[in-house]
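Geometric and topological summary
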Amino acid sequence: MSEHPAAGRRRRYQTALLIVAVAAAGLNLRTAVTSLPPLFPDLGTRLHLSPAALSLLATTPVICFGVVSAFAPGLNRRWGEERVLLAALVVLTAGLLLRGVAPSTLLFPGTALAASAIAILNVLLSSMVKRRWPERAGFLIGIYLTALSVGAIVSSLLAVPLYQASGGSIPLSVGLWAGPAALAVLLWLPQLRYQAAGRTRPAGGSPADRVPPADLASTPRKLYRHALTWQVTAFMGLQSLLYYGALSWLPTMFQDRGSSPLEAGNLLALMAVGNLTTSLIVPVLAHRSPGQRPLVIPSMIGTAAGLAGCLWLPLGLAPLSVLVLGVSQGSCLGLAIFFTMARAPDPAAAASLSAFAQSVGYLVASAGPLEFGLLHTATGSWDIPMILLLILAVCELVVGLLAARPLVLPAPAGRAAPADATAPSS
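Residues numbered from 1 in each chain as written. Predicted model: local features only at pLDDT ≥ 70, side-chain atom pairs only at ≥ 80, totals over all residues. Heavy atoms only, no water.

**Looking at helix α20 (residues 383–403)**
Along its 21 residues, α20 runs 30 Å from first to last C-alpha, staying within 8% of the 30 Å computed at 1.5 Å per residue. Those residues of α20 not exposed but buried are Pro385, Met386, Leu389, Leu392, Ala393, Glu396, Val399, Gly400 and Ala403. For α20, the angular spread of the buried residues around the axis is 135°, confining them to a single face. Where the residues of α20 are buried, they touch α13 (227–256), α16 (293–312), α17 (318–342) and α19 (367–379). (Helix = DSSP H or I, 4+ residues; strand = E, 2+ residues; numbered from the N terminus. Expected span 1.5 Å × (residues − 1). Buried < 20%, exposed > 50% of the residue type's maximum accessible area, 1.4 Å probe, protein only. Arc of directions from axis to C-beta. Contact = heavy atoms within 4.5 Å.)

So, in structure tokens, the structure goes:
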């Protein structure tokens, strides 16, 4: 039976609102973090922060990602994804405003609050995508990762110019990113009507597809019993460690090598441009393939080559090294997010696996910014920290090859895995 024209228009309108809301949320998943590293030297001088304090500031978001991610499935079970994601966007806006109001006292608390909200967004966006639009999940994940990369580009590129244009105003420089977050809150509001209607129908689905949100998130899971869980978690953690280690300290490293603060910020933005080039296409390619090993191998080779080139190639080749690094890291992030969805048999499992992988993974990743900064302070050189990152890149390649196998975690007793859980899209 054909769909009524009015119902078709309504469905297309709801799908468009979903895409816009997901993109708006994704745009704010990096700005709170990437806007700070280009300003680290000035923040250290103006706010009297020691190198150790700056290392802790760089590590704070990753620690919050690890700690808070574990609470996302419980929040989802109680209130549903749409409401929890809206609340997370509100908290993100508040955290960014706080650190702008009084950076001398609230920079750390505001950053922690904003990062805690991002942790919830990181976990529940991918599971909501699997629930709301399973047949185009790779595309929608690509949309939000693309928006994420755009946010990282803009915040990295504008951090130093805005600081200079404002006459060195730290409150304005670190607080203005609350504006895009507040806009995302407004764009997410229509999703509450979808949840209030008491359905979780996938985009393009039929009324028979409607399932109460509580049913999708009610099954407790002992994920740690499965080797596949740990492989996905290790890949998530190691790619995050390498990303945040580079994100936090590449601008300072380039300044030590002779770049100006503006040039260093531009190089960080170029890394995000590289993220952008692969953030949309890689999840789509991964969704169409039964296994993702052909994507893991070049991604890890590029990551290692980009990291090494940033330090040991001539400074004139820094843009090329940063671009290669960014392209490869964007691919790794897309794969890591995809694995948490594709290796799960249903949306509830996707939320649990995403929470587990991000909680444990980000706690592992928190060592990246901290060890990179402290090793540099202890040795007076960037060589040893970089060598350690390259060793970890080899480890990430190994676990990535394991996580890329076309396997799915067991479905709960009495519930069969949906057809889309294992089959790639055509």
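Having put the structure on the table, let's press on.
**Considering the side chain of Asn76**
By the secondary structure assignment, Asn76 is in helix α5 (residues 72–79). Its relative accessible area of 8% is what places Asn76 among the buried residues. Within polar-contact distance, the side chain of Asn76 engages the backbone nitrogen of Glu81 at 3.1 Å. (Polar contact = N/O pair within 3.5 Å; in protein donor to acceptor, adjacent residues only side chain to side chain.)

**What about a nonpolar patch on the surface?**
The grouping of Val20, Leu183, Leu186, Leu187 and Leu189 at the surface amounts to a nonpolar patch, some 420 Å² of accessible area in total. When residues in the nonpolar patch are grouped by element, the largest group, three residues, is from helix α10 (residues 178–188). Here Leu183 lies in helix α10. Judged by relative accessible area, which is 48%, Leu183 ranks as partly exposed. (Patch = residues over 30% accessible without salt bridge, like charges linked within 9 Å, V, L, I, M, F, W, Y side chains within 5 Å. Areas by Shrake-Rupley, 256 points an atom, 1.4 Å probe, with all protein chains shown as cover. Salt bridge = Lys/Arg side-chain N within 4 Å of Asp/Glu carboxyl O.)

**As for α10**
Turning to α10, its buried residues are Ala178, Ala181, Ala184, Val185 and Trp188. Burial along α10 is one-sided: seen end-on, the buried residues are contained in an arc of 115°.

**A word on the nonpolar core**
One recurring pattern in soluble globular proteins is that nonpolar side chains are buried together. With 121 residues, the main nonpolar core has Leu121, Trp188, Phe254 and Phe339 as its most contacted residues. If you tally residues by element for this core, the top one is α13, at 15 residues. Setting aside residues no more than four positions away along its own chain, Trp188 makes contact with Ala21, Val22, Ala25, Glu82, Leu85, Leu86, Leu89, Leu125 and Met128. (Core = buried A, V, L, I, M, F, W, Y, C linked by side-chain atoms within 4.5 Å.)

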